[in-house]
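Secondary and tertiary structure notes
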Amino acid sequence: KGVVLDYACMNYTMTHPIDDELEMTMVCHRPEGLEQLEAQTNFTKRELQILYRGFKNECPSGVVNEETFKHIYAQFFPHGDASTYAHYLFNAFDTTSNGSIKFEEFVMGLSTLLRGTLRDKLEWTFHLYDINNDGYINREEMTEIVRAIYDMMGKYTYPALKGDVPKQHVDAFFQKMDKNKNGVVTLEEFIVACQEDEMMMRSMQLFENVM
């Protein structure tokens, strides 16, 4: 997948050997035991070691705040403005809503996006779009996320961005997703619509690639 979140935190691991055990000294936050994380994610112990080494190299304190997250994310989209999308993505990873992402939260989200089932991935995407966490996606929320993605892609947006493209995109999605026409999309409506419509599924996978 095109997930970029792990790139910066894994750069270090590409050229440096990994010790058999994690070095967890000199950090402000120590992650849970690897055995527990291995049971909770779809990563092996070895993969978790590699991920942690990269995470600690980029985030020595053991946690990442929103500004650091935005800075890392912006490096991968130099031709656009990734700040708004990075804000929403940060919130999706910050499952405790405390303003920082711990290693555990990072790998749990990454495990879903990289190794999860189709339903797992769609549920994660739904919660990203559900900005106010009320269990529904309304037009304003979806428009905000779609516009943030277009802003992030910048001049490489395809097709070329026109002013009303995000709204057209959202209108098309809602026409297919909002089955009972009540102005909001539930989790089940979202999942069913994506599974039933090949074009919509491709769109969701396209957006997944910028996560």
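A quick note: this is a predicted structure, and the numbers were derived from the prediction, not measured.

Now for the packing of helix 6 (residues 103-115) against helix 7 (residues 118-129). It is the contact of helix 6 with helix 7, at a shortest axis distance of 8 Å, that shows an interaxial angle of 125°. Between helix 6 and helix 7, the angle falls in the class oblique. The interaxial crossing formed by helix 6 with helix 7 has left-handed handedness. Side by side, helix 6 and helix 7 meet where G109, T112, L113 and L114 of the first sit next to D120, K121 and W124 of the second.

The next thing to look at is the packing of aromatic side chains. Taken as a whole, this structure holds 11 aromatic pairs when the rule is applied. Residues F55 and F106 carry aromatic rings whose centres are separated by 5.4 Å and whose planes lie at 45° to one another, so their mutual orientation is tilted. Here F106 lies in helix 6 and F55 lies in helix 3 (residues 45-58), a separation of 51 residues in the sequence. F106 matches F55 in its accessibility class, with the two residues each being buried. A ring pair is formed by Y73 and F77, whose centres lie 5.5 Å apart and whose planes are at 35°; its orientation type is tilted. Per residue, the accessibility class of Y73 equals that of F77, and both read buried.

About the cut-offs
Residues numbered from 1 in each chain as written. Predicted model: local features only at pLDDT ≥ 70, side-chain atom pairs only at ≥ 80, totals over all residues. Heavy atoms only, no water. Axes fitted to C-alpha atoms, helices over the stretch in contact; angles between N-to-C directions. Helix = DSSP H or I, 4+ residues; strand = E, 2+ residues; numbered from the N terminus. Parallel < 35°, antiparallel > 145°, perpendicular 65-115°, else oblique. Left-handed = near helix turned anticlockwise from the far one by under 90°. Contact = heavy atoms within 4.5 Å. Phe/Tyr/Trp six-rings, centres within 6.5 Å; stacked < 30°, edge-to-face > 60°. Buried < 20%, exposed > 50% of the residue type's maximum accessible area, 1.4 Å probe, protein only.

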